[in-house]
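Chain by chain, the residues run as shown.
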Amino acid sequence: MVVEVVVVVVVVVIVVVVVVVVVVVLVVVVVVVVVIIKSAVEEFEVRRVHELESKRDLHKSGPPSTSNSECQLCHRMCRSQIGLLAHNKSHL
Ligand SMILES: [Zn+2]
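Cut-offs applied
- Residues numbered from 1 in each chain as written.
- Predicted model: local features only at pLDDT ≥ 70, side-chain atom pairs only at ≥ 80, totals over all residues.
- Heavy atoms only, no water.
- Helix = DSSP H or I, 4+ residues; strand = E, 2+ residues; numbered from the N terminus.
- Rg over C-alpha atoms; globule rule 2.2 N^0.38 Å.
- Buried < 20%, exposed > 50% of the residue type's maximum accessible area, 1.4 Å probe, protein only.
- Areas by Shrake-Rupley, 256 points an atom, 1.4 Å probe, with all protein chains shown as cover.
- Lys, Arg positive; Asp, Glu negative; His and termini not counted.
- Charge placed at Lys NZ, Arg CZ, Asp CG, Glu CD.
- Donors = N, O, S within 2.8 Å, 3.2 Å for Na, K, Ca; no water.
- Patch = residues over 30% accessible without salt bridge, like charges linked within 9 Å, V, L, I, M, F, W, Y side chains within 5 Å.
- Salt bridge = Lys/Arg side-chain N within 4 Å of Asp/Glu carboxyl O.

A. Region of interest: the overall build of the protein. Check the secondary structure of the protein and you find 2 helices and 2 strands. Listed N to C, the secondary structure of the protein is α-β-β-α in terms of helices and strands. Computed over its C-alpha atoms, the radius of gyration of the protein comes to 35 Å, more than 25% above the 12 Å expected for a compact globule of 92 residues. Principal-axis analysis of the C-alpha atoms gives the protein an extent of 110 × 20 × 15 Å. Across the 92 residues that make up the protein, the buried fraction comes to 7%. Surface accessibility of the protein: about 8100 Å² in total, with carbon and sulfur atoms responsible for 73%. One way to put it: in the protein the 9 positive side-chain charges average out to a point 16 Å from where the 8 negative ones average out.

If you want it as structure tokens, here you go:
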């Protein structure tokens, strides 16, 4: 009778230890996955902001200096001849 109780206690202890180890491993895996996802999202955001700033700077720099589409009335540089034609309509 005593031996059976000891065996049951040992089995219960082993099961509890295995469950605790499995839970700890799962928590560690979840934490690692969250850290990886968070760093990837931060990297993506930094890259996206950098691309948007580059795009904005390119847009704000205006037309290329090699453009020969300059308005004769207000000396505005247009990106193309068709843009100059559209701009000239604003002076009518
Ligand atoms: Zn003009």
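Now that the structure has been shown, the text picks up again.
B. Focus on the coordination of the zinc ion. Surrounding the zinc ion are the protein donor atoms Cys71 (SG), Cys74 (SG), His87 (NE2) and His91 (NE2), which sit 2.0 to 2.3 Å from the metal. Motif for the zinc ion, donor spacing along one chain: C-x2-C-x12-H-x3-H. In this structure Cys71 comes out as buried when scored by relative accessible area, which is 1%. Residue Cys74 is classed as partly exposed on the basis of its relative accessible area, which comes to 38%.

C. Looking closely at a nonpolar patch on the surface. A contiguous nonpolar surface patch, about 970 Å² in accessible area, is contributed by Met1, Val5, Val9, Val13, Val17, Val21, Val25, Val29, Val33, Ile37 and Val41. Along the chain, Val13 turns up in helix α1 (residues 2-60). Accessibility expressed as a relative area gives 45% for Val13, which makes it partly exposed.

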